[in-house]
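Residues per chain are reported as follows:
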Amino acid sequence: MFDGIESLFPPAVAIILALLTRRVLLPLAIGIFVGTLLLSSRENAGPLDSVVRATTQFVVTIEQSVRDMDHLHVLAFTLLLGGMVGVLESAGSMARMISGWTRRVSTRRGGQTLIGFTGLLIFFDDYANTLLVGGTMRTTAQRYGISRAKLAYLVDSTAAPVAGLTLVSTWVATELSYLQTGLIDAGIEATNMTFSVFLHSLPYRFYPLLALWFVFVIARSGRDFGPMWAEENAAARQPTNHHLSSSSTSWRDTLASVMPIVVCLIVISGVLVWTGLQEPMEGEMSTWQIFGHVIGNGNSYLALVVGGGAGLFGAGTLAMLLSRVSWELVVMGSLQGMLQMLPAMAVLWLAWGLSSLTGADQLDTGGYLASILDERLPVEWLPTCVFLLAAFIAFATGTSWGTMAILTPLAVALSINLQQTLLGTADAVSSSGLSTAANASLAMSPICLATFSSVLAGAIFGDHCSPLSDTTVLSSRACDCNHVLHVQTQMPYALVVGITCILFGTLPASWGVSPWISLLVSAVVLWLIVRAFGKPPQTASA
């Protein structure tokens, strides 16, 4: 196992080459090969043997990354949802419905706001959010001269943030599990505290909360800056037809377009609940705890596949019954939609392969980065350092979930242990393992809450900046945007929000400032930044 800076080489090579070449597949493949070459070199073989072994391991890594059942479920859901969107597009009902809905939206601001608001509605899973909103809102973006880069930003910056904040999402069980591990590592055995700590931590999740706020500041102001402004300026100069249509939406088009998505959501929610109920509950729980337990422990991957299949079946059936299209057109539309998702699936495949090489049992990239934290760190800097470290791990590995797995138990335990040391209670805790009221209060302290929240916030921040992130890949593909362009245009916005979170969020929180005050001040600061540095497209009629 590697524990040095060499563990950073594979993701670094992939990221640098992706930014230089504006391509993703080849840089990812090269990054994987660099990783396998490093692993083979530890066996002290000759140069030729190392290359042969690296090549063999390269093939094995690629094969294993697609044989994983969770990965297969994601790929299947991607295909099914792509097929559903393809049916909706080929039948024309979605375009006619959006034409009717958006005739009341007369500006680009309104169009961007509509896209952002739609992103909030798909709150239970970031994959489903990205594919549904990105696929169905491309027509709206084109209609109002909104660039594909802006569409990808609006989709990507609402997907993971809203899924990471809501209590009814596929993220909940994972977060609770890592949180409980950290509490136990710190000597707090009361499992009923886990959900309470989780709830109290929500206001400290500065980045996802402010990223959502920034989406609507950008949308409603009609202003942009950096590379995004250039893309929006070019898109605004293209001819649009949003002033030409005044037709109303028929109930047939609305039903044929909305019902497949509704069916998809209902089935996904139903399977989540059904599978979550199979997990036993321990002890007495409040209504919210039961709700979170059921949804959080549901089989999210199975739910996505079943929901995607139900949505595709519903789209095809309603297209033939209500839109009067032939079954041949339904099949062709489905296949075209699936084919559109193949490039994204290829990138996901390779990204998973690279991520597996950076894991704890291979190069241990995250473990090396996590070792930067030690007990000499001043407790007041802990939330900020955890935020930055989580962001860097997510940026380098392309996975927010992997980042949470690496850092959450360590960060939670460290935040409590540092406070115990300051209070002089560390010896008592380590010797007796008690879960006293004093120790429980440390888990509910601003330091612990902000540190725990900083892992999730930093992971999403790093994801938004990384060309290796799976949700970033899905966003660019679902929105039909060049992937590297999406990263380049979204990164300045993510950096602005991230820096604001540090200056007015994690640092003040360490000194006991209310997170609500931090959120209010940060929201005002972000609004002022857009007003000061943003400008509308030159030919926009907003």
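The text that follows walks through the structure, step by step, so that each part is easy to find.

The rules behind these values
Residues numbered from 1 in each chain as written. Predicted model: local features only at pLDDT ≥ 70, side-chain atom pairs only at ≥ 80, totals over all residues. Heavy atoms only, no water. Helix = DSSP H or I, 4+ residues; strand = E, 2+ residues; numbered from the N terminus. Buried < 20%, exposed > 50% of the residue type's maximum accessible area, 1.4 Å probe, protein only. Contact = heavy atoms within 4.5 Å. Areas by Shrake-Rupley, 256 points an atom, 1.4 Å probe, with all protein chains shown as cover. Salt bridge = Lys/Arg side-chain N within 4 Å of Asp/Glu carboxyl O. Core = buried A, V, L, I, M, F, W, Y, C linked by side-chain atoms within 4.5 Å. Expected span 1.5 Å × (residues − 1). Phe/Tyr/Trp six-rings, centres within 6.5 Å; stacked < 30°, edge-to-face > 60°. Lys NZ or Arg CZ within 6 Å of the ring centre and 35° of its normal. Axes fitted to C-alpha atoms, helices over the stretch in contact; angles between N-to-C directions. Parallel < 35°, antiparallel > 145°, perpendicular 65-115°, else oblique. Left-handed = near helix turned anticlockwise from the far one by under 90°. Nonpolar A, V, L, I, M, F, W, Y, C, P; charged D, E, K, R; others polar.

**Focus on the overall build of the chain**
Right, so step 1: Along the backbone of the chain there are 26 helices and 0 strands.
Right, so step 2: Residues counted as buried form 57% of the 542 residues belonging to the chain.
Right, so step 3: Sequence-distant contacts in the chain: of pairs separated by 6 or more residues, those separated by 24 or more amount to 81%.
Right, so step 4: Element-wise, carbon and sulfur atoms account for 66% of the exposed surface of the chain, whose accessible area totals about 21,800 Å².

**What to know about the pattern of salt bridges**
Any two side chains of opposite charge can pair, so long as their charged atoms come close to each other.
Right, so step 1: With the rule as written, the count across this model stands at 5 salt bridges.
Right, so step 2: Residues aspartate 480 and arginine 148 are paired through a salt bridge, measuring 3.2 Å at the closest nitrogen-oxygen approach. Pair noted here: aspartate 480 is in the loop between helix H24 (470-478) and helix H25 (483-510) and arginine 148 is in helix H9 (residues 148-165), with a separation of 332 residues, a long-range link.
Right, so step 3: Owing to a relative accessible area of 44%, aspartate 480 belongs among the partly exposed residues under this scheme.

**Topic: the nonpolar core**
Right, so step 1: One finds Phe77, Ile115, Tyr153, Tyr207, Phe214 and Ile416 to be the most contacted residues of the largest nonpolar core, which totals 116 residues.
Right, so step 2: Top element by residues in this core is helix H23 (residues 446-465). It accounts for 11 residues.
Right, so step 3: The residues touching tyrosine 207, leaving out its near neighbours within four places in the chain, are Phe387, Ala457, Ile460, Phe461, His464, Ala494, Val497, Gly498 and Cys501.
Right, so step 4: One finds Ile32, Leu39, Ala351 and Leu363 within the second-largest nonpolar core, a separate group that totals 16 residues.

**Details of helix H19 (residues 382-397)**
Right, so step 1: Spanning 16 residues, H19 covers 22 Å between terminal C-alpha atoms, matching the ideal 22 Å at 1.5 Å per step.
Right, so step 2: Of all the 16 residues making up H19, 12 are buried; the element is thus mostly covered by neighbouring parts of the structure.
Right, so step 3: Listing the buried residues of H19 in full gives Leu382, Pro383, Thr384, Val386, Phe387, Leu389, Ala390, Ala391, Ile393, Ala394, Ala396 and Thr397.
Right, so step 4: Note on H19: the residue one or two positions beyond its end, glycine 398, has a positive phi of about 75 degrees.

**Observations regarding the packing of aromatic side chains**
Right, so step 1: By the definition in use, this model includes 7 aromatic pairs.
Right, so step 2: With a centroid separation of 5.0 Å and 75 degrees between ring planes, the pair formed by tyrosine 153 and tyrosine 493 is classed as edge-to-face. Here tyrosine 493 lies in helix H25 and tyrosine 153 lies in helix H9, a separation of 340 residues in the sequence. In this structure, tyrosine 153 and tyrosine 493 share a single accessibility class: buried.
Right, so step 3: Between the aromatic rings of tyrosine 204 and phenylalanine 206, the centroid separation amounts to 6.2 Å while the plane-to-plane angle is 70 degrees, which identifies the pairing as edge-to-face.
Right, so step 4: For tyrosine 204, a relative accessible area of 9% translates into the label buried.
Right, so step 5: Site record: aromatic cluster; members linked through ring pairs are Tyr153, Phe214, Phe225 and Tyr493.
Right, so step 6: Seen from the ring of tryptophan 229, lysine 535 lies directly overhead, with NZ or CZ sitting 4.1 Å from the centre.

**A word on the environment of tryptophan 516**
Right, so step 1: Along the polypeptide, tryptophan 516 turns up in helix H26 (residues 515-533).
Right, so step 2: Judged by its relative accessible area of 59%, tryptophan 516 falls in the exposed class.

**Quick word on unusual backbone geometry**
Right, so step 1: We note that arginine 324 has phi near 60 degrees; this positive angle belongs to a residue other than glycine.
Right, so step 2: Here arginine 324 is to be found in the loop between helix H16 (300-321) and helix H17 (327-357).
Right, so step 3: Positive phi, normally seen in glycine, also occurs at aspartate 480, with a value near 60 degrees.

**Remarks on the packing of H9 against H23**
Right, so step 1: Where H9 meets H23, the axes come as close as 11 Å, and the angle between the chain directions of the two elements is 160 degrees. Judged by the inter-axis angle, H9 sits roughly antiparallel to H23. H9 and H23 meet at a crossing whose hand is right-handed. Contacts from Asp156, Ser157, Ala160, Pro161 and Gly164 of H9 reach H23 at Leu456, Ile460 and His464.
Right, so step 2: For the contact of H9 with H23, the residue count by class is 4 nonpolar, 3 polar and 1 charged.

This is a description of form; function is not addressed.
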